[in-house]
Amino acid sequence: MNCTMYILRPTNLAEFCGKEDIKRNLTIFIESAKKQNKTLDHMLLYGLPGTGKTSLAMIIANELGKKIKIIQGNSINRPADLTNLFLSIGEGDIVFIDEIHGINKNVVELLFSAMEDYSIDLAIGKDFNTKVTRIKLPHFTLIGATTKFGKLQLPLEERFGIVFNLKEYSIEEIKSILQLNCKKMDFVLTEQEITKIAQNSKSIPRNAIKILKRVYDFKLNDGSISIETILKNIKIIDGLTEDDIIYLRLLSNSKRPIGVKTISSITNIELETIENKIEPFLLSNFFVSKNSSGREILEKGKEFLRQLK
C-alpha cells in the first residue's frame, strides 16, 4: 500500500477537514469567479508550517479546473526568474509562491505590475542600448504563502484581495483529518487511539499525518502495540520531539535568557527550525517566554523536564 503524503493530501474542499469559516468563504469566492468568468482574486495564506497552505492552493486549482505552477520564493532571485515563471502559465492558471517573503527584494516590485495589470516590463539590451518592452500576461491568480507574515513588504501584502490566516487546528479538527486519512489508508484505529495521536500533533495536520504513518508502520508489524509505545519509540513525549526537549534543557541549564542564534549554535538546530517549528508551540503553551533579552524557560517547561527524569 502506497500511503504517500501526496495521496493523503486532500484534493477538494469537501475533503479539507476543519477551518469551516475559510472553506465557506472560499467556496463563495470560487463560485463568484466562475459565474463572472473571471480569475479569482490574488490570495495570501499565512500561518505555521504544516497547516494546509499548499493543500489549499492545490485544491483551489482543482476546484477551478485550472493548472497550478508551484515555486519557492527564495528561488526567485533575478527578474528572469519571474519572467520565465509567468511566460510558462496559461489563461486562468494558479501561480503558487511558497514562502513568498523570500523573494529577492530587488525583484519583488516586478510582481506589482504582473498582479495589477497582468503585464511585465522587460529590459532588452545593455547599457545605453537598453530598451524596455512591455509583455502582456495571461490573466492568472497568484496565491502567496508565508510562515513569516511580518516579513512581507506592505506594498506586496496590499495587492492581495483575499487573505486567510491558517492558525493551529482544534483537537476535533485534527481527529477529523486522521479519520479521513485512516479511511484512505484502509487502516482501522480506535477513537481513543486517534485522540492520542491528535493530542501529540501540536495541533498541526502535517505532524498528525506523520505520526499516523509511523503508527501504520508499527501496527503493520505488531497489531497489538499501543500508541503510547509507538510514540515512545519515535521519541515524541506529550507532543514534544527530541529537538524540543534539547531546546528546553538548554534553557533550563541557563541562569539568564538566551538569544535564538546562540541556541541554534549550541544545539546545532537550524534557526528556521527553532523559530518556525519548535518555538510556536512552546511559546503558545507557556513552556517558554521570549523578549528582547532572549528566551527563558517557564515553570511549565521546568515541570515537564522534571517529569521526564
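Residues numbered from 1 in each chain as written. Predicted model: local features only at pLDDT ≥ 70, side-chain atom pairs only at ≥ 80, totals over all residues. Heavy atoms only, no water.

I tried to follow the confidence of the model for the protein on my own but got confused; where do I start?
Low pLDDT means the predicted coordinates in that region are not meant to be read closely. Averaged over all residues, the pLDDT of the protein equals 93, while 96% of them reach at least 70. In this model residues 1–6 is a low-confidence stretch, pLDDT under 50, and it forms twelve contacts with partners more than four residues away in sequence or in other chains. (pLDDT = per-residue confidence, 0-100. Contact = heavy atoms within 4.5 Å.)

Even after reading the chapter, I still don't get the pattern of salt bridges, so can you show me in this structure?
Where charged atoms from two side chains of opposite charge approach closely, those side chains can pair. This structure, assessed with the given rule, holds 17 salt bridges. As a salt-bridge pair, Asp121 and Arg134 come within 2.8 Å of each other at their nearest N and O atoms. Of this pair, Asp121 sits in strand β4 (residues 119–124) while Arg134 sits in strand β5 (residues 131–136), and the two are 13 residues apart along the sequence. The residue Asp217 makes a salt bridge to Arg214 at a minimum N-O spacing of 2.7 Å. (Salt bridge = Lys/Arg side-chain N within 4 Å of Asp/Glu carboxyl O. Helix = DSSP H or I, 4+ residues; strand = E, 2+ residues; numbered from the N terminus.)

Sorry if this is basic, but what is going on with the packing of aromatic side chains here?
Centre distance and the angle of the planes are the two values used to describe a pair of aromatic rings. Tallied over the full model, the rule gives seven aromatic pairs. One aromatic cluster in this structure is built from Phe86, Tyr118 and Phe140. Directly above the aromatic system of Tyr169 lies the positively charged group of Lys19, at a separation of 4.4 Å from the ring centroid. Of note, Arg159 hangs over the ring of Phe112, and the distance from its end group to the ring centre comes to 4.0 Å. (Phe/Tyr/Trp six-rings, centres within 6.5 Å; stacked < 30°, edge-to-face > 60°. Lys NZ or Arg CZ within 6 Å of the ring centre and 35° of its normal.)

I'm lost on the sheet that holds strand β3 (residues 94–98) in this one. Help?
Backbone hydrogen bonds hold the strands of a sheet together, and the pairing may be parallel or antiparallel. One open sheet holds the five strands; their spatial order is β2-β3-β6-β1-β7, and the pairing between them is parallel. Edge positions in the sheet fall to β2 (68–72) and β7 (162–166), since each of these pairs with one other strand and no more. Between one strand axis and the next, the sheet turns by 15° as a mean value, whatever way the strands run. In the sheet, β2 pairs with β3 via five bridges, with the strands oriented parallel. When the sheet's bridge partners are listed, Gln72 is paired in β3 with Asp98. The sheet strands contacting helix α2 (residues 20–36) are β1 (43–47) and β7, and the helix crosses β7 at an angle near 160°. Sitting on the sheet, helix α3 (residues 53–64) touches β1, β2, β3, β6 (141–146) and β7, and the angle it makes with β3 is about 180°. (Pairing = 2+ DSSP bridges. Axes fitted to C-alpha atoms, helices over the stretch in contact; angles between N-to-C directions.)

For this particular structure, what's the right way to read helix α12 (residues 260–267)?
Residue pairs three or four apart in sequence face the same way in an α-helix, which turns once every 3.6 residues. Among all positions of α12, only Val260, Ile263, Ser264 and Thr267 are buried. Mapping the buried residues of α12 onto a view down its axis gives an arc of 100°, with all of them on the same face. Within α12, the exposed residues directed more than 90 degrees away from the buried face are Lys261 and Ser265. Contacts from the buried residues of α12 go to α11 (242–252), α13 (271–284) and β9 (294–297). At the C-terminal side of α12, Asn268 shows a positive phi close to 60°. (Buried < 20%, exposed > 50% of the residue type's maximum accessible area, 1.4 Å probe, protein only. Arc of directions from axis to C-beta.)

Would you mind going over the nonpolar core with me for this structure?
Among soluble globular proteins, nonpolar side chains are generally buried collectively. Formed by 46 residues in total, the largest nonpolar core has its most connected members in Leu26, Met43 and Ile60. Once residues lying within four places of it in the same chain are set aside, the contact partners of Met43 are Leu26, Ile60, Leu142, Ile143, Gly144, Phe160, Ile162 and Phe164. In this structure, Phe112, Ala114, Leu156 and Phe160 belong to the second largest nonpolar core, which totals 25 residues. (Core = buried A, V, L, I, M, F, W, Y, C linked by side-chain atoms within 4.5 Å.)

Honestly, the pairing of β9 in this entry has me stumped. Any pointers?
Strand residues, when the strand is regular, have side chains that alternate between the two faces of the sheet. Relative to β9, strand β8 (residues 288–291) is paired through four bridges, and the arrangement is antiparallel. Along β9, the bridge assignment pairs Val288 with Ile297. As consecutive antiparallel partners, β8 and β9 are separated by two residues.

So what exactly am I meant to see when it comes to the environment of Lys105 here?
Its place among the elements puts Lys105 in the loop between β3 and α5 (110–117). Take Lys105: its relative accessible area is 65%, and that puts it in the exposed class.

I would appreciate a short explanation of the packing of helix α4 (residues 79–86) against α5 in the present structure.
Describing two packed helices takes the angle between their axes plus the distance from one axis to the other. Contact geometry of α4 with α5 gives a least axis separation of 10 Å together with a crossing angle of 25°. Taken as axis vectors, α4 and α5 run roughly parallel relative to one another. Residue-level inspection shows Pro79, Leu82 and Phe86 of α4 in contact with α5, the latter providing Leu110, Leu111 and Ala114. (Parallel < 35°, antiparallel > 145°, perpendicular 65-115°, else oblique.)

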